[in-house]
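Here's the letter readout for the chains.
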Amino acid sequence: MIEIATSSTTTTLVIAGDLDLAERDQFPEIAARVVGLRRQLLVIDMCRVTFMDSTGAAFLISLADSGKRRGGATVLRGADERDLFVLEVCGALDLFRIDRDHRCESAAPPTGTTSSPLPQRPV
Amino acid sequence: MTEIPGPVPPVSDHMLGAALSDAILPVFVTGTWDEGMPVLWVNAEFTRTTGIHVDELKARGTHPLLSLVGADPDREPGQTALREGRPTERMIQGLRPDGAIGWWHVTMSPIPEDDGVVRHWLGAATDVSSYVERHAAQLASLEVERRERADLDLVAQTTELLGDLEYPYALRDIADLLRALVPWAGFYLNDDGLVFADGVDVASPPSGRGRRHARYVPETPVLARVGGPPPVEPDVHGQNPAPSVDQVQDLLDGVTDGPVLLELDGHYPAHSASGWLRRDLVRRVVEETGAVPRSVVVHAVAGRRRVLGLLVSWHGAGLHLDGTPASGAGATPSEPQHVFTVVEVVARRAGTAIDNARLYAREHRLAEALQRAMLPEQAEVPGLDVWTYYAPNAEHAQVGGDWYDVLQISDGTVGLVVGDVVGHDVEAAAAMGQLRSVVRSYAFELATPGVVVDRVDQLVTGMRIPRSASMVYATLQQGPDGESWDIRYTRAGHLPPLLLRGGQVTQLAGAGGSLIGFGSRPRETARAELRRGDVLLFYTDGLIERRDRSLKVGLDALVETSGRITARDAAGVGEELLSRLADAPEDDVALVVVRMPDPVADGEVQPLSPRSRRWLLPSEPPSIGRARHAVLRTCQAWGLPESAAAELVVSELVANGVLHGWGNIALRLFDTGDGLRIEVEDSNPAPPVTTDGHPNRLGGFGMQIVERLADWGWRPAGSGKLVWAKLRPTD
């Protein structure tokens, strides 16, 4: 489920559940609404995302990319290590400002997994 | 002069003079270059060959010989040699007395004198006309041969490209090949109006339909500068009357066979085929070659029943952007015969290939749509571990009469159906589809299994479904304490479900009745209980039926096998059953395993069941999540640590299967002892595609993620392919 909240400067997207191909049908409409709001800052709250694969990442990237082209910024908060890994493989980490200090309010549901280490970006 | 003894007298100066005079070779003596090379003497043969007397040559002023020479490819180096006093030879062309053109090989050598100063040159000419003609003919025939070979080669390459229309630039590459013959060539397809085509969308190839051609074409501002055709022509209702003939539309309609010559400086209605094509062509050719075309040759790309598009070639007639004529301008652009043949062959082959792709895509869409309509429903049931399996008999393609459904009827209530329609053909599959819908509708409406099947009986009798069928229908209702589920079931001529509890196997043989649509007694409903750790097994006779044993013996074998099952997850139970009973099934197999997890006992004993699992998933997006849950459960059951990576890899592979694969998707997991091995199989034989990541082209990163986490590969399997990935153990 994806909710959109907005203030005068910021659009906040709160995403819950799985972000994969099964959710793809709603992506274009949400992207259109976010773009239509024309806020300088887009905050994507991933605290309650249970899973994201490359299809989900592509959606976030399209949001960040269209924001960037209008001179805006996109903040990613509550993304777990695996989500960041997926974005990194997609070569898109630099499109986002990663909020590493954010602490999710409710106990964030585990991403279904124990946090086993994923391969790191080759140096 | 010294006397030389011998039979032959020595050669005298007089004899040398006579020899030159009477030689059968034209010989002549001239002065030096600086004197203008006056001709001082010629022999008789020279006069005979050229038809010119020496006095006449003397009268022609300086360099009189030049007046005899036509083509002279080596004039510059030859004259330099003459100036510098070096001997020289060259081939020249000249007129014979009869007016015919001949070729001579001419040598000029200085005549040395005692004081070392050159005052005279001796020239000799040999008639080599016949040799030159033969050589030219040889070259020409070699050229023809080379061209034919090149044309054949081009056609062969074209055929190869047409073999893979899934490649998105197949048509562009073919047009590029043709551009070795003509300055510009390109394909247009008619799909609700003409459109320029780099490739064919094999999922929905062009229809060949469309008579209004209105796709947007940007204007070409350069045209005004070179006096090209006007950028916008008036519409049909405009001032200038348009020509009544639309050659290109006639070609598309199959009225003419073509090819047609389209004049690009004519006036055509804006949305006519000729008008649109003229506009688009002029823009493209100007952009790509920098010249403004005057006319093009248009071939039809014809399918079996209608013309699907056009192959347009420009032969170079037109203007450069600076206004100078491009090659061939002025003359009517004619297509040389061999170019015409090649373009015609390419157009014809492209038409057939596109048509085949279209027909195949249509069949495939139809089959997929029907298959999707027949997909089983498998609800994820909270509190239960459900695993399903369906394998149509391989000999009978992808259709069969067996089916299952797992329906979430309400919170805490699940409906379970397993059934079997007699036969393996399309009619059986169609009957199955009807029955399944009927059962589904009543299952949601009525609670008691006996009542549901009663109603199914009534409806089926009225619908005249042509095949008899057996089935079991059961409902599971969660007990109030959540510690057990109440099973209620009824059987219509179907084998009894099995209940497995602590090594004991119970056949749920109550509430038996006749096949669907038969019998007059009301259906009964029997009850049982599913407790923690229990397994409920629904199956069709394909699991146990063998030609070499009776059904009774088969059922005993199933009961015996079930008693030995140690797996603690539904997929493991299914795996043990399949590996022992159904590795060579003779019939369709449908299997539903329902297990109520036992959080306390499940963790205590490490089961001895095989460390492999399989799932058959319908090709739909929700299958991706289902596959992830399956891999998570399996990693837990096997105590594997890399579940985060496994979940990601499975998600990407199954998503690819759903997006690009055909038919059902088979997912298999193996514990290799050295990392989890994941296999995903579908019926599309085309290999998986890795695209290099490009920030502006989203998607296509899936296989890169897989690559970072696992070793992977693929191989053909059955009629499709199998993609495997072996997770690298985390350090």
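The structure presented is a predicted model; accordingly, all values stated were derived computationally and were not measured.

## Details of the overall build of chain A
1) Next: Helix and strand counts for chain A stand at three helices and five strands.
2) Next: Listed by position from the N terminus, the elements making up chain A come as β-β-α-β-α-β-α-β.
3) Next: Counting the 123 residues in chain A, one finds 37% classified as buried.

## Focus: the overall build of chain B
1) Next: Each helix and strand counted, chain B has 18 helices and 28 strands in total.
2) Next: Here chain B, with 731 residues, has 38% of them falling under the buried criterion.
3) Next: The long-range share in chain B, meaning contacts at least 24 apart out of those at least 6 apart in sequence, stands at 62%.

## Some words on the environment of Ser619 of chain B
All names here are of chain B.
1) Next: Mapped onto the elements, Ser619 comes out in the loop between strand 24 (612-617) and helix 16 (622-638).
2) Next: Note on Ser619: 22 C-beta atoms within 10 Å, which makes it buried.
3) Next: As for Ser619 and Asp682, which are separated by 63 residues in sequence, their C-alpha atoms are 9.0 Å apart.
4) Next: Those residues in contact with Ser619 that sit more than four places away from it in its chain are Gly657, Val658, Gly661, Gly663, Asn664 and Ile665.

## Some remarks on the packing of helix 11 (residues 426-445) of chain B against helix 12 (residues 449-463) of chain B
Residue and element names in this part refer to chain B.
1) Next: The geometry of helix 11 relative to helix 12 is characterised by a closest axis approach of 10 Å and an angle of 140° between their N-to-C directions. Between helix 11 and helix 12, the angle is such that the two are oblique. Helix-helix and strand crossings are classified by hand; for helix 11 and helix 12 the assignment is right-handed. For the pair helix 11 and helix 12, the contacting residues are Gln434, Leu435, Val438, Val439, Tyr442 and Ala443 in the first and Val452, Arg455, Val456, Leu459, Val460 and Met463 in the second.
2) Next: The residue inventory of the contact of helix 11 with helix 12, partitioned by class, reads ten nonpolar, one polar and one charged.

## Things to note about the sheet that holds strand 7 (residues 194-197) of chain B
Residue and element names in this part refer to chain B.
1) Next: Strand order across the open sheet formed by five strands is 7-6-11-10-8, with antiparallel pairing between neighbours. Strands at the two margins of the open sheet, each flanked by one partner only, are strand 7 and strand 8 (260-263). Shown here is a sheet whose adjacent strand axes are inclined to one another by a mean of 35°, direction ignored.
2) Next: As judged from the seven bridges shared by strand 10 (residues 295-302) and strand 11 (residues 307-314), these two strands associate in the antiparallel manner.

## As for the nonpolar core
1) Next: One finds Ala57 of chain A together with Leu435, Val649 and Val654 of chain B to be the most contacted residues of the largest nonpolar core, which totals 127 residues.
2) Next: Considering each element in turn, this core owes the most residues, ten residues, to helix 17 (residues 643-660) of chain B.
3) Next: Among the nonpolar cores identified, the runner-up in size contains 53 residues, and Leu178, Val298, Leu310 and Val343 of chain B belong to it.

## Here's the deal with the sheet that holds strand 23 (residues 589-595) of chain B
Two modes of strand pairing occur in sheets, parallel and antiparallel, and in both the strands are linked by backbone hydrogen bonds.
Residue and element names in this part refer to chain B.
1) Next: The five strands are arranged 13-23-22-18-19 in an open sheet whose pairing can be described as antiparallel. For this open sheet the edge positions go to strand 13 (385-391) and strand 19 (504-507), each flanked by a neighbour on one side alone. Geometrically, the sheet is characterised by an average inter-axis angle of 15° between neighbouring strands, direction not taken into account.
2) Next: With five bridges joining them, strand 22 (residues 535-539) and strand 23 adopt antiparallel strand pairing. Opposite Leu536, over in strand 23, you have Val594 as the bridge partner.
3) Next: Strand contacts of helix 14 (residues 570-581): strand 13, strand 22 and strand 23, with the helix running at about 140° to strand 23, the strand carrying the most contacts.

## Some words on the packing of helix 17 of chain B against helix 18 (residues 702-709) of chain B
Residue and element names in this part refer to chain B.
1) Next: Here helix 17 crosses helix 18 at 145°, and the two axes come no closer than 9 Å. Relative to helix 18, helix 17 is oriented so that their crossing is left-handed. Two secondary-structure elements touch here, helix 17 through Ala645, Leu648, Val649, Glu652, Leu653, Ala655 and Asn656 and helix 18 through Gly702, Ile705, Val706 and Leu709.

## Quick word on the confidence of the model for chain B
Residues and elements named next belong to chain B.
1) Next: Counting all residues, the mean pLDDT for chain B is 82, and 87% of those residues have values of 70 or more.
2) Next: Across residues 328-333, where pLDDT falls below 50, the model places 13 contacts with residues more than four positions away in sequence or in other chains.
3) Next: Long-range and interchain partners of residues 693-699, a stretch whose pLDDT sits below 50, account for ten contacts in this model, where long-range means more than four residues apart.
4) Next: The ipTM value of the predicted complex is 0.85, and its pTM value is 0.57.

## Some thoughts on the pairing of strand 13 of chain B
Residue and element names in this part refer to chain B.
1) Next: Burial of strand 13 is extensive: five of the seven residues sit out of reach of the surface.
2) Next: Examined bridge by bridge, strand 13 and strand 23 share seven bridges and lie antiparallel to one another. Residue pairing across strands places Tyr389 opposite Leu591, the latter belonging to strand 23.

## Let's talk about the confidence of the model for chain A
1) Next: Per-residue pLDDT for chain A has a mean of 84; in total, 85% of the residues score no lower than 70.
2) Next: Note that residues 108-116 of chain A has pLDDT below 50 and, in this model, 22 contacts with residues that lie over four places away or in other chains.

## Some words on the pairing of strand 19 of chain B
Side chains on a regular strand alternate between the two faces of the sheet.
All names here are of chain B.
1) Next: Note: strand 18 (residues 498-501) against strand 19, four bridges, orientation antiparallel. Considered in strand 19, the bridge of Leu500 is made with Val505.
2) Next: Here strand 18 folds back onto strand 19 in antiparallel fashion, the turn holding two residues, of which Gly502 has a positive phi close to 55°.

## Let's talk about helix 6 (residues 170-178) of chain B
The periodicity of an α-helix, 3.6 residues per turn, causes residues three or four places apart in sequence to face the same way.
1) Next: By the burial criterion, the buried members of helix 6 of chain B are Ala170, Leu171, Ile174, Ala175 and Leu178 of chain B. Buried residues along helix 6 of chain B cover an arc of 135° about the axis, so they all sit on one side.

## As for unusual backbone geometry
Residues and elements named next belong to chain B.
1) Next: Positioned with a positive phi, Asp192 is a non-glycine residue whose angle comes to about 60°.
2) Next: Mapped onto the fold, Asp192 is located in the loop between strand 6 (184-190) and strand 7.
3) Next: Unusually for a residue other than glycine, Ala511 sits at a positive phi of about 50°.
4) Next: Looking at the secondary structure, you find Ala511 in the loop between strand 19 and strand 20 (512-513).

## So, the environment of Ala273 of chain B
Residue and element names in this part refer to chain B.
1) Next: Tracing the backbone shows Ala273 in helix 9 (residues 273-289).
2) Next: Sequence separation of Ala273 and Arg212 is 61 residues, and the distance between their C-alpha atoms is 7.2 Å.
3) Next: Setting aside chain neighbours within four positions, we find Ala273 in contact with Leu194, His213, Asp246, Val248, Gln249 and Leu252.

## A few points about helix 2 (residues 54-69) of chain A
All names here are of chain A.
1) Next: For helix 2, which comprises 16 residues, the first-to-last C-alpha distance of 22 Å matches the rise-based estimate of 22 Å (1.5 Å per residue) to within 8%.
2) Next: Among all positions in helix 2, only Ser54, Thr55, Gly56, Ala57, Ala58, Phe59, Leu60, Ile61, Leu63, Ala64 and Gly67 are buried.
3) Next: Once helix 2 ends, the next one or two residues include Gly71, with phi positive near 85°.

## Let's talk about the environment of Ala646 of chain B
1) Next: Within the element layout of this structure, Ala646 of chain B appears in helix 17.
2) Next: In sequence terms Ala646 of chain B and Arg628 of chain B are 18 residues apart; their C-alpha atoms lie 8.3 Å from each other.

Analysis parameters
- Residues numbered from 1 in each chain as written.
- Chains lettered and ligands numbered in written order.
- Predicted model: local features only at pLDDT ≥ 70, side-chain atom pairs only at ≥ 80, totals over all residues.
- Helix = DSSP H or I, 4+ residues; strand = E, 2+ residues; numbered from the N terminus.
- Buried ≥ 20, exposed ≤ 12 C-beta atoms within 10 Å, placed from the backbone.
- Contact = placed C-beta atoms within 7 Å.
- Axes fitted to C-alpha atoms, helices over the stretch in contact; angles between N-to-C directions.
- Parallel < 35°, antiparallel > 145°, perpendicular 65-115°, else oblique.
- Left-handed = near helix turned anticlockwise from the far one by under 90°.
- Nonpolar A, V, L, I, M, F, W, Y, C, P; charged D, E, K, R; others polar.
- Pairing = 2+ DSSP bridges.
- Core = buried A, V, L, I, M, F, W, Y, C linked by C-beta atoms within 7 Å.
- pLDDT = per-residue confidence, 0-100.
- Arc of directions from axis to C-beta.
- Expected span 1.5 Å × (residues − 1).

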